[in-house]
Amino acid sequence: MTLVDAEHLPFFVYGTLRPGGPNHARFLTGRTRAEEPARLTGAVLYAGPGYPYAVEAPDGTVRGDLVTPRPEAYDDLLAALDRLEEYTPGDPRNLYDRVARHVVPDAAGTPVRAWVYVAAPPVAARLRARGTAIGSGDWWVR
C-alpha cells in the first residue's frame, strides 16, 4: 500500500454508483456519510458496455457525485469498489486506474481531493480512437 492508498479520500462516482444507479444500493447504501453533486474537470465521459468511462483530457468535464464514506466502513468500501472496478494496483490488465484528483462539489465550489476510477491507458487510447463520447459529460443525460 502506498502513502496515497492510505489516505481516506472521498470518492467521485459518475456512473452506476451514483444515487439511483444499479450499483448504488449494493455498494454505498448505509456506508456513506454524505453524497453531493460534483464535477470533475480534465476528463471526458465515454459510453462503455452498460457503464461509462472517464478518460482524462484537458478540456472536458464529467458530472457525478462526491461520496464521503463513513469512517468505520472506509476500508471495506475501498476494497469492494476496487473489486467492482476490477482494479488492482500496478496490474497492466486493469480497465480502470484509481487516481486522486480534485473534484468540485456544486454546493461548496471548493475543490476536494477524491478517488476517481478513470480509464486505464490502453482503454483510454481505444476510447479516444473509436469510442462514443457523451457530450453532456453526464451519464444520466446521454
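For the structure, see preceding data.
Residues numbered from 1 in each chain as written. Predicted model: local features only at pLDDT ≥ 70, side-chain atom pairs only at ≥ 80, totals over all residues. Heavy atoms only, no water.

(A) Inspection of the environment of D75 at higher detail. You can see D75 is positioned in helix α3 (residues 74-84). Along the primary structure D75 and V118 are separated by 43 residues, whereas in three dimensions their C-alpha atoms are 20 Å apart. Engagement of the side chain of D75 in a polar contact is seen with the side chain of H8, the distance being 3.4 Å. (Helix = DSSP H or I, 4+ residues; strand = E, 2+ residues; numbered from the N terminus. Polar contact = N/O pair within 3.5 Å; in protein donor to acceptor, adjacent residues only side chain to side chain.)

(B) Quick peek at the side chain of T32. Secondary-structure assignment places T32 in strand β2 (residues 32-47). Side-chain polar atoms of T32 contact the side chain of E35, separated by 2.9 Å. Non-local contacts of T32, meaning those with residues more than four positions away in its chain, are made with V67, T68, P69 and R70. (Contact = heavy atoms within 4.5 Å.)

(C) Quick peek at the nonpolar core. One finds F11, F12, Y14 and V62 to be the most contacted residues of the largest nonpolar core, which totals 42 residues. For this core, the secondary structure elements donating two or more residues are β1 (11-13), β2, β3 (52-69), α3, β4 (96-105), β5 (112-119) and α4 (121-130). Contact partners of F12, with chain neighbours within four places excluded, come to A38, R39, L40, V62, R63, G64, D65, L66, V103, A114, W115 and V116. (Core = buried A, V, L, I, M, F, W, Y, C linked by side-chain atoms within 4.5 Å. Buried < 20%, exposed > 50% of the residue type's maximum accessible area, 1.4 Å probe, protein only.)

(D) Representation of the pattern of salt bridges. Inspection of the entire model under this criterion finds 7 salt bridges. Across the pair R18 and D65 runs a salt bridge, and its minimum N-O distance is 2.9 Å. With a gap of 47 residues between them, R18 in the loop between β1 and α2 (24-27) and D65 in strand β3 connect regions that are remote in the sequence. The salt bridge partner of D106 is R63, with a shortest N-O separation of 2.5 Å. With a gap of 43 residues between them, D106 in the loop between β4 and β5 and R63 in strand β3 connect regions that are remote in the sequence. (Salt bridge = Lys/Arg side-chain N within 4 Å of Asp/Glu carboxyl O.)

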